[in-house]
Amino acid sequence: MFDFSQLQCPVIQAPMAGGVNTPPLAAAVANAGGVGSFGFAYSSPEKISADLAATQALTAGHLNANFFVFQPVALPDVERQTAALAALRTLDLPEDLVLRVPQAPFYPELETLLLPVWQHRPAMLTFHFGIPSAVVMQHAKALGIAVGITATCLAEAKQIEAAGADFIVAQGIEAGGHRGTFEPDGADDGLPLDDLLRALVPSICLPIVAAGAVMDGADIHRVMRLGAAAAQMGTAFLCCDESGASPAHQAFIRHEHARGTAFTRGFSGRRAQGIANAFIAAMQDQPTLPFPIQNTLSGPIRQRATQRNDGEHQSLWAGTAYPKAQALPAASLMQRWGAELQACRRA
Ligand SMILES: Cc1cc2nc3c(=O)[nH]c(=O)nc-3n(C[C@H](O)[C@H](O)[C@H](O)COP(=O)(O)O)c2cc1C
């Protein structure tokens, strides 16, 4: 079974669904002694199998396959559908762009997506938004795959521990992308990462991976001193040479530092953090459909914006520390952070 102390560099490159993770990125991180991840939430079984096979051809190192735990969802009434459509149509969109409310099924079946994982057996399997079924947990354990689940508060961490997971990904409010709360509309204390670690470390017996605005070796050192076994870093990899982030996403990360980040439900129906742009501003307080129906509904807007290199209408997921992201090969980033971590340890 996976042991964090085996890692030459205690870094999990974060799973980032939506094309950011690539085989060369995951392999470079794994070859540098970390864990290379894929966010497979919206992938097909064929794509999952192809990505894992392509990465395993480049590395014998540690890999992580990540999925969302989708909750059953029903289409709201026609009035709410019309309001959500009207909100999106107030955006400055191409005239020929067609928006349609999707019909069920609204998300893929987890059991089907996991078939290529059982075949390729990455070191880790992680989940966001909740705990998968006991059958899934047992299957992973039988194959020697370590299961990790995101927690944003102590109550979620305790549920994860009771469910028999192998580790917890503690997600601070600084983190880019979707907030991993179990309840999409529940209360959220919004704990910063260090406070979350201080709450979890004394009360949880599992290894804890720290996520949220960890950007360099000094940050990794800080979270490990607070008791983390490793750091999960997403935004820090968005501009590296092997990143699949769109050109506009990378340009905003590198140059649009005055904008800062904001949370929005406008893209997917769940709260997620990204660089403030025209879409987020226009969708503030506007009606949306539940996750992931809103995600499918807004899909054509994001796809067209990507084709037109329009950063104002893409989901530019990023953590609060995005101005610190560096455009280097992933191996160089890993080497630099490892050296910084060693220097902090010696100091
Ligand atoms: C572009 C992007 C996409 C993300 N997609 C996922 C995902 O598919 N699954 C997941 O568990 N976390 C996802 N996250 C959240 C990360 O796992 C992690 O919590 C976050 O990157 C940590 O904060 P940082 O971005 O400041 O490093 C995503 C983050 C970003 C920036």
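Residues numbered from 1 in each chain as written. Predicted model: local features only at pLDDT ≥ 70, side-chain atom pairs only at ≥ 80, totals over all residues.

Caption draft 1: The arrangement of the pairing of strand E11 (residues 272–275) in detail. Sheet analysis places strand E7 (residues 177–178) next to E11, joined by two bridges and oriented antiparallel. Bridge pairing in E11 places Gly177 opposite Gln273. Of the pairings in the sheet, the one linking strand E10 (residues 261–264) to E11 comprises four bridges and is antiparallel in character. Paired with Thr264 across the strands is Ala272, a residue of E11. (Pairing = 2+ DSSP bridges. Helix = DSSP H or I, 4+ residues; strand = E, 2+ residues; numbered from the N terminus.)

Caption draft 2: Highlighting the sheet that holds E10. On the basis of which strands lie adjacent, the open sheet formed by three strands has the order E7-E11-E10 and antiparallel pairing. Two strands lie at the open edges of the sheet, namely E7 and E10, each paired on one side alone.

Caption draft 3: Seen up close, the nonpolar core. Membership of the largest hydrophobic core comes to 91 residues, with the highest contact counts inside it found for Val11, Val29, Ile168, Ala170, Val209, Ala210 and Ala231. It is helix H1 (residues 23–31) that contributes the most residues to this core, six residues altogether. With sequence-adjacent residues up to four places away left out, Ala210 is seen in contact with Ala170, Leu193, Leu197, Val223, Ala228, Ala231 and Gln232. In terms of nonpolar packing, the next biggest core, distinct from the first, is built from seven residues, Ala84, Ile293, Leu297 and Ala305 among them. (Core = buried A, V, L, I, M, F, W, Y, C linked by C-beta atoms within 7 Å. Buried ≥ 20, exposed ≤ 12 C-beta atoms within 10 Å, placed from the backbone. Contact = placed C-beta atoms within 7 Å.)

Caption draft 4: Representation of the site of the ligand within the structure. Surrounding the ligand, one finds 28 residues, the nearest of these being Gly39, Gly176, Gly177, Gly234 and Gly319. Here the residues of the shell around the ligand sort into 15 nonpolar, twelve polar and one charged. (Near = placed C-beta within 6 Å. Nonpolar A, V, L, I, M, F, W, Y, C, P; charged D, E, K, R; others polar.)

Caption draft 5: Quick peek at the pairing of strand E2 (residues 35–39). Counting buried residues along E2, five of its five residues qualify, which places the element largely inside the surrounding structure. On E2, burial covers both faces: Val35, Ser37 and Gly39 on one face and Gly36 and Phe38 on the other are all buried. Pairing of E2 with strand E3 (residues 62–68), which is carried by five bridges, proceeds in the parallel orientation. By the bridge assignment, Gly36 is partnered in E3 with Leu63. The handedness of the E2 to E3 crossover, carried by helix H2 (residues 45–56), is right-handed. (Right-handed = clockwise from strand over helix to strand, strands pointing away.)

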